[in-house]
Amino acid sequence: MTNAIPRSTRRKYLTRTSYYKRIAGLRLNHPDKVTHREMMRKQGEETHTKNVEAIQHALSETLAPKEALILETLKSKGLEKPEIDSYMEKWVDVNFWPKPSNFHQTRKEIRKLNKKYGI
């Protein structure tokens, strides 16, 4: 796809601006370079949170039918509300992103509950 763009245009837009050249030439602890690092870190954090929200939204859309099916199955098995809530908390931890630190333990618990409830 980049081959469709003329080489002279690519060369023009791929070069660093004078601002970045000046920042690159400064000492590591120069005040301008420190503020630039902080700015870049803040931009990265904002981008990260935006991407995480997008991933979670997409996952919630794709997993919504499956979640409704599991809720219906649990209710048909005659489980009470606290049992359903605890199961669904674990199910959400296992299926959504980011995964929790105790992901494998939670997955084992889900498997045991699936056998217990016959799901």
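Anything mentioned here points back to the structure above.
Being a predicted model, the structure only gives us computed values, none of them experimental.

Trainee: Provide a residue-level description of the pattern of salt bridges, including the pertinent values.
Mentor: Considering all chains together, one arrives at three salt bridges under this definition. With a shortest N-O distance of 3.2 Å, arginine 22 and aspartate 32 are connected by a salt bridge. Of the two residues, arginine 22 sits in helix 2 (residues 18–24) while aspartate 32 sits in helix 3 (residues 31–76), which places them 10 residues apart along the sequence. The class for aspartate 32 is partly exposed, based on a relative accessible area of 31%. For the salt bridge of lysine 90 with glutamate 109, the shortest nitrogen-to-oxygen distance reads 3.3 Å.

Trainee: Lay out helix 5 (residues 103–117) in plain terms, naming residues and giving numbers.
Mentor: In this model helix 5 runs 21 Å from its N-terminal to its C-terminal C-alpha over 15 residues, within 8% of the 21 Å that 1.5 Å per residue would give. Burial in helix 5 covers these residues: Phe103, Thr106, Ile110, Leu113 and Tyr117. All buried residues of helix 5 lie within an arc of 85° about the axis, which places them on one face of the element. The exposed set on the far side of helix 5, more than 90 degrees from its buried face, consists of His104, Lys108, Lys112, Lys115 and Lys116. Buried residues belonging to helix 5 abut helix 3 and helix 4 (81–95). Count one or two residues on from helix 5 and you reach glycine 118, which has phi positive near 70°.

Trainee: So what about the packing of aromatic side chains? Which residues, and what values?
Mentor: Throughout the structure, instances matching the rule amount to three aromatic pairs. Plain terms: the ring middles of tyrosine 19 and tyrosine 20 are 5.2 Å apart, the flat faces sit at 75° to each other, and that makes the pair edge-to-face. Using a relative accessible area of 36% as the deciding quantity, one classes tyrosine 20 as partly exposed. Centroid distance tryptophan 91 to phenylalanine 96: 6.4 Å. Interplanar angle 75°. Geometry classified as edge-to-face. On the basis of relative accessibility, which here comes to 4%, the residue tryptophan 91 falls in the buried class.

Trainee: Please set out the side chain of lysine 33 residue by residue, giving values where relevant.
Mentor: Note on placement: lysine 33 falls in helix 3. An unpaired buried charge is present at lysine 33: no salt bridge exists, and aspartate 32, the closest side chain of opposite charge, is 11 Å distant. Setting aside chain neighbours within four positions, we find lysine 33 in contact with Ile23, Ala24, Leu26, Arg27 and Leu28.

Trainee: Run through the packing of helix 4 against helix 5, naming residues and quoting values.
Mentor: Between helix 4 and helix 5, the least distance of the axes is 9 Å, while the angle of their chain directions is 135°. The angle between helix 4 and helix 5 falls in the class oblique. As helix 4 runs across helix 5, the sense of the crossing is left-handed. Here Glu83, Tyr87, Lys90, Trp91, Asp93 and Val94 of helix 4 lie close against helix 5, whose contacting residues are Phe103, Thr106, Arg107, Glu109, Ile110, Leu113, Asn114 and Tyr117. Classifying every residue of the contact of helix 4 with helix 5 by side-chain character gives seven nonpolar, two polar and five charged.

Rules and cut-offs
Residues numbered from 1 in each chain as written. Predicted model: local features only at pLDDT ≥ 70, side-chain atom pairs only at ≥ 80, totals over all residues. Heavy atoms only, no water. Salt bridge = Lys/Arg side-chain N within 4 Å of Asp/Glu carboxyl O. Helix = DSSP H or I, 4+ residues; strand = E, 2+ residues; numbered from the N terminus. Buried < 20%, exposed > 50% of the residue type's maximum accessible area, 1.4 Å probe, protein only. Expected span 1.5 Å × (residues − 1). Arc of directions from axis to C-beta. Contact = heavy atoms within 4.5 Å. Phe/Tyr/Trp six-rings, centres within 6.5 Å; stacked < 30°, edge-to-face > 60°. Lys, Arg positive; Asp, Glu negative; His and termini not counted. Axes fitted to C-alpha atoms, helices over the stretch in contact; angles between N-to-C directions. Parallel < 35°, antiparallel > 145°, perpendicular 65-115°, else oblique. Left-handed = near helix turned anticlockwise from the far one by under 90°. Nonpolar A, V, L, I, M, F, W, Y, C, P; charged D, E, K, R; others polar.

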